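# Summary of the model geometry
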Amino acid sequence: DLMLPKVMWLSRHEPDIFDQAAYFLNAGDFLVGKLTGEYVTDPNNALKFHYMVTEKSYPLTLLESLGVDAQKLPRVVEMGSSIGCVRPVVAQELGLPNNCEVVISTYDALAAVSGSGAFDVGDAVDVSGTVTSFRAVTNHHLFDPESRIYVSPYLGKNLWLAGGSNNLGGGIIEWLNQLLFSQKEDPYAEMERSVQGLPPCPGGLIFLPHLLGERAPIWNPDCRGVFFGLNRAHGERHIARAVLEGVGFSVRHIAHVLQELDVEIKSVTVSGGLVRLDVVNQIKADILNVPVKKLGNFETTSIGAALIALVGAGVFENGMDGFKKFCTVDRVFEPNQKRSQIYNEYFGLYLQVYNSLKDAYKARANLMSGFQKQGMNELVLAENL
């Protein structure tokens, strides 16, 4: 989350706290400060304060205009930098050795890239928990004039991570489970069985998976889920297949923008809870038309943070050496070219349906807001039911 809006909220609504604050910090920076007495952050977390990576500076003119003292922001150091040892009083309280070293890492979605073994240009990572984070390694410090995706510094010289997160990934599968499969003895196994053997977008059915609006790459809080092409021949298993494919299309949408910006995607490594559904892994391979690698260990965020620290501490020479000690590839899902061709055509329709509904989404949001302002809540089904 961006930090300056939060700092400005304090300035306007809690001015005494704003004035008395010694530092404005992310949660991780606060913990590092408690451990070491040093208030520092990495470049990726510093971006939340609009840190300028190429200039290696906070935006001093902007901060001055907002009345924010730059000296109250954490010092920025590279990922893998040693901050020093844990303070003796903290080490004693926590039962740690006095020479316990603290090495700076980065936030979860980006740490997971290292934990997935993505270190070369063209490696991409899909981390799917409740949301899906998709990032690709590139040597282009690109700029998207439409602000659809993020670009963050990565390990090594002249390497960057480009991509973003949708608003729901695995969360959509949870919704599907509750809707159609919650009464089954093994709901997820039944979900997989029900969609096996169906063709891509069965009977021309596609699903826009924007149940809570969408983040990257469309940044539209008003859009919502849509089934398009539904007819009387469609049943539960066709609907289930369309929902799983909608998850894949939302990832393809991010990848599509990256490819427009000349970011190469050679393969995708998947992790997180959603990776347990092999049918989803195969759908993503077919929709993205690249091999999808499933790791034997799903905890890529923790592994990535550990790798960054261990390389920084000199235990491993580089991230890949460490990764080979932690992880193995459990299975590779190769794309089926016939299905990929069909999905490519339907992805164009997916984009067309979304673009055609932008005005309708806004009109719907205005209607809901207007009814609520008129005190008609009892007559309007609220968003959160």
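Read on for a plain summary of the structure. Just so you know, these numbers come straight off a predicted model, no measurement behind them.

## A closer look at the overall build of the chain
On a plain count of helices and strands, the chain comes out with 15 helices and 13 strands. Relative to the compact-globule value of 21 Å for 385 residues, the chain shows a C-alpha radius of gyration of 23 Å, a close match. Counting every atom, the chain has about 19,200 Å² of accessible surface; 52% of that belongs to carbon and sulfur. Where the 33 positive side-chain charges of the chain centre and where its 42 negative ones centre are 4 Å apart.

## Examining the environment of Glu334
Along the chain, the position of Glu334 falls in the loop between strand 13 (329-333) and helix 14 (337-356). Sequence separation between Glu334 and Gly67 is 267 residues; the distance between their C-alpha atoms is 54 Å. For Glu334, the contacting residues outside a window of four places in its chain are Gln282, Ala285, Asp286 and Pro291.

## Brief notes about the sheet that holds strand 13
Pairing within the open sheet is mixed, and its seven strands lie in the order 7-8-6-5-11-12-13. Strand pairing shows two members of the sheet lacking a second neighbour, strand 7 (150-153) and strand 13, which therefore form its edges. The average angle at which neighbouring strand axes cross in this sheet is 25°, direction not considered. With four bridges joining them, strand 12 (residues 292-295) and strand 13 adopt antiparallel strand pairing. Bridge assignment links Val292 to a residue of strand 13, and that residue is Phe333.

## Section: helix 8 (residues 170-181)
Among the residues making up helix 8, those that are buried are Gly170, Gly171, Ile172, Ile173, Leu176, Asn177 and Phe181. On its buried face, helix 8 is in contact with helix 9 (187-195), strand 9 (206-208) and helix 10 (236-260).

## Looking at the layout of surface pockets
In this structure, the second largest pocket spans a volume of roughly 460 Å³. In terms of lining, the second largest pocket is formed by 23 residues, of which the most central are Glu78, Tyr154, Leu155, Gly156 and Lys157. With three residues, helix 12 (residues 300-312) is the largest single contributor of residues to the lining of the second largest pocket. The residue makeup of the lining of the second largest pocket, split by class, is 13 nonpolar, seven polar and three charged.

## A few points about empty space enclosed by the protein
Counting across every chain of the model gives one cavity of 30 Å³ or more. Lining the largest cavity are Asp126, Ser128, Val270, Ser271, Leu274, Val275, Val280, Asn281 and Lys284. Put simply, the parts of the chain that give the lining of the largest cavity at least two residues each are strand 5 (123-128), strand 11 (267-271) and helix 11 (278-288). At three residues, helix 11 tops the list of elements feeding residues into the lining of the largest cavity. In the lining of the largest cavity, the residues fall into four nonpolar, three polar and two charged.

## Brief notes about the packing of helix 9 against helix 10
The contact between helix 9 and helix 10 brings their axes to 8 Å, and the two run at 100°. Looking at the two axes, helix 9 sits roughly perpendicular to helix 10. Where helix 9 abuts helix 10, its residues Met191, Ser194 and Val195 lie against Arg237, Ala240, Arg241 and Leu244. Among the residues making up the contact of helix 9 with helix 10, the classes are represented as four nonpolar, one polar and two charged.

## Focus on the side chain of His234
Within the secondary structure, His234 is located in the loop between strand 10 (226-228) and helix 10. Since its relative accessible area comes to 14%, His234 is described here as buried. Only 2.9 Å separates the side chain of His234 from the backbone oxygen of Pro202, close enough to count as a polar contact. A distance of 2.9 Å separates the side chain of His234 from the backbone nitrogen of Asn231, its partner in a polar contact. Ignoring anything within four residues of it in the chain, the contact list for His234 reads Pro202, Gly203, Leu205 and Gly229.

## Regarding the state of the cysteines
Counted under the stated rule, the structure contains zero disulfides. Cysteine Cys223 shares no disulfide, and the gap to the nearest cysteine sulfur, in Cys201, comes to 19 Å. Judged by relative accessible area, Cys223 falls into the buried class, the value being 0%.

## Looking at the nonpolar core
If you look at the biggest cluster of nonpolar residues, it comprises 34 residues, and the most contacted ones within it are Ile173, Leu176, Met191, Leu208, Leu244, Phe249 and Tyr350. Of all the elements in the fold, those that place two or more residues in this core are helix 8, helix 9, strand 9, helix 10, helix 11 and helix 14. Excluding its chain neighbours within four sequence positions, the residues that come into contact with Ile173 are Tyr188, Met191, Leu244, Val247, Leu274 and Leu277. Formed by 23 residues, the second largest nonpolar core is a distinct cluster that contains Ala124, Ala162, Val268 and Val270.

## Considerations on the packing of aromatic side chains
One pass over the full model with this rule turns up 12 aromatic pairs. Ring geometry for Trp175 and Phe207: centres 5.9 Å apart, planes at 10°, overall stacked. Placement of the pair is Trp175 in helix 8 and Phe207 in strand 9, with a sequence separation of 32 residues. Here Phe207 falls in the buried class, since its relative accessible area comes to 2%. Ring pairs connect the aromatic residues Phe249, Tyr343, Phe347 and Tyr350, which therefore count as one cluster.

## Re the pairing of strand 6 (residues 132-138)
A large share of strand 6 lies buried, amounting to seven of its seven residues. Of the two faces of strand 6, the one holding Thr132, Phe134, Ala136 and Thr138 and the one holding Ser133, Arg135 and Val137 are both buried throughout. Two elements, strand 5 and strand 6, share five bridges in a ladder whose sense is antiparallel. Looking at strand 6, one finds that Val127 is bridged to Ser133. As consecutive antiparallel partners, strand 5 and strand 6 are separated by three residues. Relative to strand 8 (residues 160-165), strand 6 runs antiparallel, the two being bridged by six bridges. Pairing of Thr138 across the sheet is with Trp160, part of strand 8.

What counts and what doesn't
- Residues numbered from 1 in each chain as written.
- Predicted model: local features only at pLDDT ≥ 70, side-chain atom pairs only at ≥ 80, totals over all residues.
- Heavy atoms only, no water.
- Helix = DSSP H or I, 4+ residues; strand = E, 2+ residues; numbered from the N terminus.
- Rg over C-alpha atoms; globule rule 2.2 N^0.38 Å.
- Areas by Shrake-Rupley, 256 points an atom, 1.4 Å probe, with all protein chains shown as cover.
- Lys, Arg positive; Asp, Glu negative; His and termini not counted.
- Charge placed at Lys NZ, Arg CZ, Asp CG, Glu CD.
- Contact = heavy atoms within 4.5 Å.
- Pairing = 2+ DSSP bridges.
- Axes fitted to C-alpha atoms, helices over the stretch in contact; angles between N-to-C directions.
- Buried < 20%, exposed > 50% of the residue type's maximum accessible area, 1.4 Å probe, protein only.
- 1 Å grid on protein atoms, 1.4 Å probe; cavity = no way out; pocket = protein on both sides within 12 Å on 5 of 7 lines; lining within 4 Å.
- Points joined across faces, edges and corners; volume = space filled by probe spheres on them.
- Nonpolar A, V, L, I, M, F, W, Y, C, P; charged D, E, K, R; others polar.
- Parallel < 35°, antiparallel > 145°, perpendicular 65-115°, else oblique.
- Polar contact = N/O pair within 3.5 Å; in protein donor to acceptor, adjacent residues only side chain to side chain.
- Disulfide = S-S within 2.5 Å.
- Core = buried A, V, L, I, M, F, W, Y, C linked by side-chain atoms within 4.5 Å.
- Phe/Tyr/Trp six-rings, centres within 6.5 Å; stacked < 30°, edge-to-face > 60°.

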